[in-house]
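# Observations on the three-dimensional arrangement
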Amino acid sequence: EGTLSEDEVLQFCDIHSQALDGHIDLSGWKILPPGHPVDTFKKENRELEKVLDQLEQKYSEAQSLKDEEVIPWMLGLKALFNSLLDVEKHYLRKENLVFPYLEKYGITGPPKVMWGKHNEIRELLKGAVEVLNATGDISASEVPTVIDLVLKPASDAVKDMIGKEEQILLPMTTDRLTEAEWYEVYKQTLEIGFCLYD
């Protein structure tokens, strides 16, 4: 593991996600009870996907916007991005509750890379919210550029992370962590809180 640079691991993760996208048989997964941290991560991901679908819908409306419709349209987007910011709790639980156990088992590369990706996503989301807060300055003709350069990269990054979690991280943790360790994660989950799901 020590021979790969962080960039190589990031590339590998991206290739891995693409290769596995839609071609995964999870039938061998242990059935996890509701309330199990892995089940909670997955339920939160389903809620995040609902927000991401609504964002895609809003993006597709952008082509036909008139100038006077920009502000209401942006306000709708702002509400959706505010929901997406809730992903912070999801990432904090991975970073502070799950990654230390993986590191204990000698798995250091994936948590380090994923934490780096979390930080990239945090920056992208912050940038998107800043642009949406400047709603009065954008004309209808500028909206598609704002989507392509700022908004879509942020929402796509959240979407990609869901894939990486469910295809790489969660199966890895399910294999390694003991029931007692998962119970510790569960107890501390309540302190950090949930993302769009309770």
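What comes next concerns the included structure. (Residues numbered from 1 in each chain as written. Predicted model: local features only at pLDDT ≥ 70, side-chain atom pairs only at ≥ 80, totals over all residues. Heavy atoms only, no water.)

A separate point is the overall build of the chain. When helices and strands are tallied, the chain shows seven helices and zero strands. Taking the intrachain contacts of the chain between residues at least 6 apart in sequence as the baseline, contacts between residues at least 24 apart amount to 83%. Surface summary for the chain: the accessible area is close to 10,500 Å², and the carbon and sulfur share equals 54%. (Helix = DSSP H or I, 4+ residues; strand = E, 2+ residues; numbered from the N terminus. Contact = heavy atoms within 4.5 Å. Areas by Shrake-Rupley, 256 points an atom, 1.4 Å probe, with all protein chains shown as cover.)

With that out of the way, let us pick up the pattern of salt bridges. When the charged atoms of two side chains lie near each other, side chains of opposite charge can form a pair. Applying the stated criterion to the full structure yields 14 salt bridges. A salt bridge links Asp39 to Lys43; the shortest N-O distance between them is 2.6 Å. Here the residue Asp39 and the residue Lys43 both occupy positions in helix α2 (residues 37-61), the gap between them amounting to four residues, near one helical turn. For Lys104, the salt bridge identified is with Glu181, shortest N-O distance 2.4 Å. Of this pair, Lys104 sits in helix α4 (residues 87-104) while Glu181 sits in helix α7 (residues 179-192), and the two are 77 residues apart along the sequence. Look at Glu181 and you get buried, because its relative accessible area is 7%. Residues joined by salt bridges that share partners form a network here, namely Arg46, Glu49 and Glu166. (Salt bridge = Lys/Arg side-chain N within 4 Å of Asp/Glu carboxyl O. Buried < 20%, exposed > 50% of the residue type's maximum accessible area, 1.4 Å probe, protein only.)

Orientation of α4 relative to helix α5 (residues 109-133), taken along the N-to-C sense of each, is 165°, at an axis distance of 10 Å. By the angle between their axes, α4 is roughly antiparallel relative to α5. Two packed elements cross with a definite hand, and for α4 against α5 that hand is left-handed. Touching Val87, Glu88, Tyr91, Leu92, Lys94, Glu95, Asn96, Phe99, Leu102 and Glu103 of α4 are Pro111, Met114, Trp115, His118, Ile121, Arg122 and Leu125, all from α5. (Axes fitted to C-alpha atoms, helices over the stretch in contact; angles between N-to-C directions. Parallel < 35°, antiparallel > 145°, perpendicular 65-115°, else oblique. Left-handed = near helix turned anticlockwise from the far one by under 90°.)

In an α-helix, one turn spans 3.6 residues, which is why side chains three or four residues apart end up on the same side. For helix α6 (residues 143-176), which comprises 34 residues, the first-to-last C-alpha distance of 46 Å matches the rise-based estimate of 50 Å (1.5 Å per residue) to within 8%. The sharpest bend along α6 comes to roughly 45°, located at Glu165. (Expected span 1.5 Å × (residues − 1). Bend = angle between axes of the 7 residues up to and from the residue.)

All told, the structure shown has two aromatic pairs when counted by the stated rule. With a centroid separation of 6.1 Å and 50° between ring planes, the pair formed by Phe99 and Trp115 is classed as tilted. Of this pair, Phe99 sits in helix α4 while Trp115 sits in helix α5, and the two are 16 residues apart along the sequence. Residue Phe99 is classed as buried on the basis of its relative accessible area of 0%. Exposure remark for Trp115: the relative accessible area of 32% places this residue in the partly exposed category. Between Tyr183 and Tyr186, the aromatic rings sit 6.1 Å apart at their centres with planes inclined by 20°, giving stacked as the arrangement. Of this pair, Tyr183 and Tyr186 both sit in helix α7, separated by three residues, roughly a single helical turn. Tyr183 gets classed as partly exposed once you look at its relative accessible area, which sits at 47%. Under the relative-accessibility criterion, Tyr186 is labelled partly exposed at 34%. (Phe/Tyr/Trp six-rings, centres within 6.5 Å; stacked < 30°, edge-to-face > 60°.)

Our next topic: the environment of Tyr91. When you line up the elements, Tyr91 lands in helix α4. Here the alpha-carbon distance between Tyr91 and Trp115, two residues 24 residues apart in the chain, equals 8.3 Å. Ignoring anything within four residues of it in the chain, the contact list for Tyr91 reads His118, Ile121, Arg122, Val158, Met161 and Glu165.

Further remarks concern unusual backbone geometry. The phi dihedral of Leu196 is positive, around 55°, even though this residue is not glycine. You can see Leu196 is positioned in the segment after α7.

Packed helix pairs are characterised by how far apart their axes lie and by the angle those axes make with each other. At their nearest, the axes of helix α3 (residues 70-84) and α6 sit 12 Å apart, and the two run at 15° to each other. As the angle between them shows, α3 and α6 are arranged roughly parallel. α3 and α6 meet at a crossing whose hand is left-handed. The segment α3 lies against α6, with Val70, Trp73, Leu77, Phe81 and Leu84 engaging Val143, Ile147, Leu151, Ala154, Ser155 and Val158. Considering only residue class, the contact of α3 with α6 consists of ten nonpolar, one polar and no charged. (Nonpolar A, V, L, I, M, F, W, Y, C, P; charged D, E, K, R; others polar.)

Read these as geometric descriptors, not functional statements.
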